[in-house]
2 protein chains.
Amino acid sequence: MKPETITEAIKVACSSCNLRELCMPIGFNPDDMQRLDAVVATRRRIKQGDHLFSNGDSFTSLFAIRTGFFKTCVSSADGREQVTGFQMAGEIIGLDGIVSDYHSCNAVALEDAEVCVMPFANVEDLSREFPQLQRHVHKIMSREIVRENSVMMLLGNMRAEERLAAFLLNLVQRLHARGFSQSELTLRMSREEIGSYLGMKLETVSRAFSKFSDEGIIEVKQRYVRIIEPDALKKIFNPQTCA
Amino acid sequence: MKPETITEAIKVACSSCNLRELCMPIGFNPDDMQRLDAVVATRRRIKQGDHLFSNGDSFTSLFAIRTGFFKTCVSSADGREQVTGFQMAGEIIGLDGIVSDYHSCNAVALEDAEVCVMPFANVEDLSREFPQLQRHVHKIMSREIVRENSVMMLLGNMRAEERLAAFLLNLVQRLHARGFSQSELTLRMSREEIGSYLGMKLETVSRAFSKFSDEGIIEVKQRYVRIIEPDALKKIFNPQTCA
DNA sequence: ACAACCTTTTGATTTGCATCAAAGATTTTT
DNA sequence: AAAAATCTTTGATGCAAATCAAAAGGTTGT
């Protein structure tokens, strides 16, 4: 492949993924845009199952997912694992590393992936010059805090089926925002990983899938899921507003 | 009280609380320090039980707690409440509001409190001038993300007694960092609020307290708690490393 | 000082999910 | 293409925590 072709491919991808919001906040002139490109130092490919970073690794960069799908997880000292999130194209991972200069979680590719490596020093330098970039970095971190707040609500207050309904609705909504179907998805993670994220065992996840399927709310075939009755899912997740 | 006295009190408080890390990152010259004081616009007193901000309020400022104790919590549409954190002097609340310009949680004073109001526009403006302040703001947000990761581990993987042990150890450690006792504390929150934070019912919290007390690990008298055997608590929280 | 209210503790019972177990389904390896 | 490994489903059983209930302890208001 010619270098020109690669560059072209990059431009197309950046302008069509959420990453654009980080790399090129709206309202920049071409000169600024060119300088903002400097935030991305390199690309990195990660094979399915490989770690992008691990607990204890020193922190230098944030990563913007170009393609692929990741999970982040933390481990307790006695080996229990908690999946803290699933990330897809356009999302940023590595924010956990800023506070102590080393990562406190693992980021594992659930399928072959490519990320843009953004050395955090670059991000900070450019943030001081471009208030829009600065604001954007702050929003990304705040968004993650708010997301985790709602996961705490799930884990602390919701029952198994409510958790799975919320999970499916969230996943399909994010996929839809990326141009995929509102009703169909292929799960990139196992029942066990879903369970770890939602604080339940893989058998319970499987049973909840089967229950939804029996009720005609979804169609499940292994990792393929089709949402037949989105309103029923919303009602399970939140009995009040959809009653 | 004379104005001079107030100013003096402020200086003393700022240099002795964690807030200093935000207002005056280490290594600044006196001129810079003076400009950094501009980040704090005003003070605000909040009475016990009052809201510092509520879900839906428009976001303009971060708040640094000078004195007092807060809880933050989110509510589901059908009224279930999840406490997402307890905050004490020197800690920053309001980060949830950055992403969408309005708050997505409630901050409630658990005792009479005073906060420094830091208009976020000021924070961002000064961050662009002072890389140390910029770095500090990033670290504060990252720290919150990492904290929430570990709460997810608690909620997803730990049993009731492990959660309460972790909670007590975390509380006493933060109090100790503020000059309080390593072994004694007075809880500012009810059993119900502890339970909401830890994903369990108030009766379960009470039973776990009683169990620890029966085992001689702690002494409990209502909201007074004395930690008699910190190592036993650590062992409950994490069976492996302290075995 | 008393009444009203709220919080905490403790006991009895229920239940949702975990655990244990085993059989299919799917993917990977050889 | 068979064999091995992994993932998923489903059933039977057990248990930790929720729920229901009531009393005791503490706080607030008049």
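This text goes with the structure placed above it.
Calculation notes
- Every chain's residues receive numbers from 1 upward, in the order its sequence appears when written.
- As a convention, the first chain written is A and the first ligand written is 1, with the rest following in written order.
- Where local features are concerned, this predicted model is filtered to residues with pLDDT of at least 70; where side-chain atom pairs are given and counted, the filter is 80 or more; whole-chain, interface and lining totals use all residues.
- Based on all heavy atoms of the structure, the side-chain values leave hydrogens and waters out of the count.
- By nonpolar core we mean a set of buried residues, namely Ala, Val, Leu, Ile, Met, Phe, Trp, Tyr and Cys, connected to one another through side-chain atoms within 4.5 Å.
- Think of it in three bands: residues with accessible area under 20% of the maximum for their type are buried, residues over 50% are exposed, and the middle band is partly exposed, with areas taken using a 1.4 Å probe on protein chains only.
- In this description, strands pair whenever DSSP reports at least two bridges between them.
- A helix here means a DSSP run of H or I that spans at least four residues, while a strand means a run of E at least two residues long, and both kinds are numbered starting from the N terminus.
- Throughout, a residue-residue contact means that at least one pair of heavy atoms, one from each residue, lies within 4.5 Å.
- Axis angles are defined between N-to-C directions and span 0 to 180 degrees, where every axis is a line fitted to C-alpha atoms and, for a helix, only to the segment in contact.
- By definition here, a salt bridge exists when the distance from a side-chain nitrogen of Lys or Arg to a carboxyl oxygen of Asp or Glu is within 4 Å.
- For this description, a residue counts as near a given molecule or strand if any of its non-hydrogen atoms is within 4 Å of it.
- Distance and chemistry together define a polar contact, namely a pair of N or O atoms within 3.5 Å, with one atom able to donate a hydrogen and the other to accept it when in protein, and with adjacent residues in sequence counting only for side-chain atoms on both sides.
- Note on residue classes: Ala, Val, Leu, Ile, Met, Phe, Trp, Tyr, Cys and Pro are nonpolar, Asp, Glu, Lys and Arg are charged, and everything else, Gly too, is polar.
- Superposing the copies works by least squares over the C-alpha atoms of residues that have pLDDT at least 70 in both of them.
- Buried area is calculated as the accessible area (1.4 Å probe) missing from two parts once they are joined, with the contributions of both summed.
- Whether a set of points on the 1 Å grid over the protein atoms alone is a cavity depends on a 1.4 Å probe fitting there but being unable to get out, while an open set qualifies as a pocket with protein on both sides within 12 Å along at least five of seven lines; lining residues are those with an atom within 4 Å of a point.
- Grid points are joined across faces, edges and corners, and a volume is the space filled by probe spheres set on the points.

Draft legend 1. Spotlight on the nonpolar core. By size, the foremost hydrophobic cluster in this structure holds 103 residues, and its most contacted members are Leu164 and Phe167 of chain A together with Leu164 and Phe167 of chain B. Of all hydrophobic cores here, the second largest spans 38 residues; its members include Ile92 and Met118 of chain A together with Ile92 and Leu133 of chain B.

Draft legend 2. Broad picture of the sheet that holds strand S6 (residues 92-93) of chain A. All names here are of chain A. Reading across the sheet, the four strands line up as S1-S8-S3-S6 and stay open at both edges, with antiparallel pairing between neighbours. The sheet terminates laterally at strand S1 (42-46) and S6, the two strands that pair on one side only. Judged from the five bridges that link them, S1 and strand S8 (residues 113-119) form a sheet pairing that is antiparallel. Looking across to S8, one finds that Thr42 is bridged to Val117. Contacting strand S3 (61-67) and S8, helix H4 (residues 120-129) crosses the sheet at an angle of about 55° to S8.

Draft legend 3. Quick peek at the pattern of salt bridges. Taken as a whole and judged by the stated rule, the model has 36 salt bridges over all chains. The residue Arg128 of chain B makes a salt bridge to Asp125 of chain B at a minimum N-O spacing of 2.9 Å. One end of the pair, Arg128 of chain B, and the other, Asp125 of chain B, are both in helix H4 (residues 120-129), three residues apart, so they sit about a helical turn from each other. Between Glu219 of chain B and Arg226 of chain B there is a salt bridge whose closest N-O contact spans 2.9 Å. The exposure class of Glu219 of chain B is partly exposed, given its relative accessible area of 33%. One connected set of salt bridges, linked through shared partners, spans Arg135 and Lys139 of chain A together with Asp101 and Glu124 of chain B.

Draft legend 4. Region of interest: the protein's contact with DNA strand C. Residues in close proximity to DNA strand C total 19 residues, the closest being Ala160 and Thr204 of chain A together with Arg191, Ser206 and Ser210 of chain B. Of everything in DNA strand C that lies within 4 Å of the protein, sugar and phosphate atoms constitute 70%. A distance of 2.8 Å separates a phosphate oxygen of DNA strand C from a polar side-chain atom of Arg191 of chain B. Of all elements in the fold, only helix H8 (202-214) of chain A together with helix H8 (202-214) of chain B reach the threshold of two or more residues within the surface near DNA strand C.

Draft legend 5. Representation of the protein's contact with DNA strand D. Within the structure, DNA strand D sits among 19 residues, and Arg191, Ser206 and Ser210 of chain A together with Ala160 and Thr204 of chain B are positioned closest to it. Per the 4 Å cut-off to the protein, sugar and phosphate atoms form 69% of the nearby atoms of DNA strand D. Separating a base nitrogen of DNA strand D from a side-chain N or O atom of Arg207 of chain A is a distance of 2.9 Å. When residues of the surface near DNA strand D are traced back to their parent elements, those giving at least two are H8 of chain A together with H8 of chain B. Residue contributions to the surface near DNA strand D peak at five residues, all from H8 of chain A. A per-class count over the surface near DNA strand D returns three nonpolar, seven polar and nine charged.

Draft legend 6. Region of the structure containing the relation of the copies chain B and chain A. Least-squares fitting of chain B to chain A yields an RMSD of 0.0 Å, with the superposition described by an axial translation of 0.0 Å and a rotation of 180°. Within this description, the copies of the chain are treated as partners about a two-fold rotation axis. Of the C-alpha atoms belonging to chain B, the one lying closest to the rotation axis is found on Arg128 of chain B, 2.1 Å away. An overlap of 100% is found between the interface residues of chain B and their copies at the interface of chain A, pointing to a shared contact surface.

Draft legend 7. Here's a closer look at the pairing of strand S4 (residues 69-75) of chain A. Residues and elements named next belong to chain A. Of all seven residues in S4, six are buried; the element is thus mostly enclosed. Taken together, the seven bridges between S4 and strand S5 (residues 81-88) define a ladder with antiparallel strand orientation. Bridging across to S5, Phe70 finds its partner in Gln87. Counting the residues between successive antiparallel strands, the hairpin from S4 to S5 contains five residues, one of them, Gly79, with a positive phi of roughly 95°. Where S4 meets strand S7 (residues 106-109), four bridges bridge the pair, whose relative direction is antiparallel. Paired with Lys71 across the two strands is Val108, which belongs to S7.

Draft legend 8. Summary view of the sheet that holds strand S4 (residues 69-75) of chain B. Residues and elements named next belong to chain B. Strand order across the open sheet formed by four strands is S2-S7-S4-S5, with antiparallel pairing between neighbours. At either margin of the open sheet sits one strand with a lone partner, and together these are strand S2 (51-53) and strand S5 (81-88). The sheet shows a mean angle of 30° between the axes of neighbouring strands, taken without regard to direction. The strands that helix H7 (residues 191-198) touches are S4 and S5; relative to S5, the one it contacts most, it runs at about 105°.

Draft legend 9. Layout of the interface of chain B and chain A. Listed as interface residues are 50 residues of chain B and, on the opposing side, 50 residues of chain A. Summing both partners gives a buried area of about 4600 Å² for chain B against chain A, and 59% of it is carried by carbon and sulfur. Together, Arg80, Arg128 and Met152 of chain B form the three largest contributors to the area buried by chain B at its contact with chain A, with a combined 15%. Summed over the shared surface of chain B and chain A, the result is seven salt bridges. Here Glu162 of chain B makes a salt bridge to Arg80 of chain A, at a shortest N to O gap of 2.9 Å. Run the count over chain B and chain A and you get 29 residue pairs in polar contact (both at pLDDT 80 or more). In terms of residues, the side of chain B that touches chain A owes the most to one element, helix H5 (residues 131-157) of chain B, which gives 20 residues. Among the residues forming the side of chain B that touches chain A, the class breakdown is 20 nonpolar, 17 polar and 13 charged.

Draft legend 10. Inspection of empty space enclosed by the protein at higher detail. Residues and elements named next belong to chain A. Applying the stated criterion across every chain yields a total of one cavity of 30 Å³ or more. Put simply, the largest cavity is a space of about 40 Å³. Together, Gly85, Phe86, Arg147, Phe167, Asn170, Leu171, Arg174 and Tyr197 line the largest cavity. Those elements giving two or more residues to the lining of the largest cavity turn out to be S5 and helix H6 (160-177). With four residues, the top contributor of residues to the lining of the largest cavity is H6. Residue composition of the lining of the largest cavity, grouped by class: four nonpolar, two polar and two charged.

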